[in-house]
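Chain by chain, the residues run as shown.
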Amino acid sequence: MPTWLAAGLWGLVGGGALVLGAAIAWWVRVPRAVIAGIMAFGAGVLISALAFELVDEAVRLGGALPTVLGFLAGAVVYVAANTALDRRGARHRKRSGGQQPSEAESSGSGAAIAVGALLDGIPESVVLGVGLLAGGAVSPAVLAAVVISNVPEGLSSAAGMKQAGRSARYVFGVWTGIAVLSGLAAMIGYLALDGVSPAVIATITAVAAGAVLAMVADTMIPEAFERTHVLTGLITAVGFLTALVVHLAA
């Protein structure tokens with residue numbers, strides 16, 4: 001199988017976890033405390049993966065300066081885009097309770113939530129594609145982190161969409177579309193960067209890592225803390241250690 005196609009398929013697998021989470025939320029009544037706990041676990045997994053896989057790889061390939069600049073750029077761009085979407089009704093897109101506005105309450109919020117969900121997923125998908133450039137195979141730890149974190153993301157967000165009165169067509173249209181676009185992002189990330197210098201790959205990897213960390217802090221941890229409170233840190237730490245074990249075993 002061509003490597004560019006493998007990149008696209010792995011991106012599709014990562015994005016497909018969002019669809020799985022949405023399906024669980026739509027057909028199974030999952031307690032919000034359970035959703036929050038899974039979200040905290042997923043946040044820890046992502047933090048571990050970006051620390052031991054993404055940032056470490058970026059430093060190895062390009063050194064400290066490209067890594068630092070790329071990481072800050074990714075965080076700044078994500079926060080700026082997220083702030084713009086917040087003003088259009090996407091602030092609580094990962095909340096499972098009644099915080100998400102309906103279309104009647106905030107016109108255009110449905111589109112903003114969809115774009116926000118895409119914004120959250122693209123950096124992870126690009127990482128999967130770029131990761132194939134270095135070793136020719138996807139990192140098991142990064143793939144596990146993306147899948148494990150995407151299931152609760154899709155679950156929590158879809159539960160909130162359902163409570164806001166959005167239709168099944170909207171919910172599954174959003175997540176299926178994002179899964180497909182995640183595959184395309186991974187594929188494009190591989191094709192666009194094939195043959196570039198290690199410093200460029202390091203910078204792009206660091207940009208994605210910065211965006212992922214900003215996403216975790218802005219959207220995942222608030223949802224987790226709302227229900228798990230003092231247990232949030234412990235559950236997140238367990239997620240972090242789980243991803244570390246995967247990394248060491250890979």
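Residues numbered from 1 in each chain as written. Predicted model: local features only at pLDDT ≥ 70, side-chain atom pairs only at ≥ 80, totals over all residues. Heavy atoms only, no water.

(A) A look at the packing of aromatic side chains. Throughout the structure, instances matching the rule amount to three aromatic pairs. Centre to centre, the rings of W26 and F172 are 6.0 Å apart; their planes meet at 75°, and the pair counts as edge-to-face. Taken together, the residues span a long stretch of sequence, with W26 in helix α1 (residues 3–27) and F172 in helix α6 (residues 168–193) at a distance of 146 residues. Over the face of the ring belonging to W26 we find K162, whose NZ or CZ atom lies 5.1 Å from the ring centre. Here R166 stacks its cationic end above the ring of Y170, 5.3 Å away from the centre of that ring. (Phe/Tyr/Trp six-rings, centres within 6.5 Å; stacked < 30°, edge-to-face > 60°. Helix = DSSP H or I, 4+ residues; strand = E, 2+ residues; numbered from the N terminus. Lys NZ or Arg CZ within 6 Å of the ring centre and 35° of its normal.)

(B) Looking closely at a nonpolar patch on the surface. There is a patch of nonpolar side chains on the surface, built from M1, W4, L5, L9, L12, V180, L181, L184, I188 and L191 and spanning about 900 Å² of accessible area. Listed by contribution, the elements that provide at least two residues to the nonpolar patch are α1 and α6. The residue I188 is located in helix α6 in this model. (Patch = residues over 30% accessible without salt bridge, like charges linked within 9 Å, V, L, I, M, F, W, Y side chains within 5 Å. Areas by Shrake-Rupley, 256 points an atom, 1.4 Å probe, with all protein chains shown as cover. Salt bridge = Lys/Arg side-chain N within 4 Å of Asp/Glu carboxyl O.)

(C) Just helix α5 (residues 140–163), in detail. For α5, built from 24 residues, the straight-helix expectation of 34 Å at 1.5 Å per residue is met to within 8% by its first-to-last C-alpha distance of 35 Å. Of all 24 residues in α5, 18 are buried, a share of seventy percent or more. (Expected span 1.5 Å × (residues − 1). Buried < 20%, exposed > 50% of the residue type's maximum accessible area, 1.4 Å probe, protein only.)

(D) Structural detail: the packing of helix α2 (residues 32–62) against helix α8 (residues 232–249). For the pair α2 and α8, the least separation of the axes is 7 Å and the interaxial angle reads 45°. When the interaxial angle is binned, α2 and α8 end up oblique. Handedness of the α2/α8 crossing: right-handed. Counted together, G37, A40, F41, A43, G44, V45, I47, S48, F52 and E53 of α2 and T232, I235, T236, V238, G239, F240, T242, A243, L244 and H247 of α8 form the full contact between these two elements. Of the residues in the contact of α2 with α8, the class split is 11 nonpolar, eight polar and one charged. (Axes fitted to C-alpha atoms, helices over the stretch in contact; angles between N-to-C directions. Parallel < 35°, antiparallel > 145°, perpendicular 65-115°, else oblique. Left-handed = near helix turned anticlockwise from the far one by under 90°. Contact = heavy atoms within 4.5 Å. Nonpolar A, V, L, I, M, F, W, Y, C, P; charged D, E, K, R; others polar.)

(E) The UniProt feature "transmembrane region" (unreviewed entry) in the protein, seen in detail. When the UniProt feature table is mapped onto this chain, "transmembrane region" (unreviewed entry) is found at residues 6–27, 34–52, 64–85, 170–193, 199–217 and 229–249. Helix makes up 100% of residues 6–27 and strand 0%, and the two end C-alpha atoms of the span are 31 Å apart. Helix and strand shares over residues 199–217 are 100% and 0% respectively, and the end C-alpha atoms of the span are 27 Å apart. (UniProt positions renumbered as here; feature names shortened; annotations may be inferred.)

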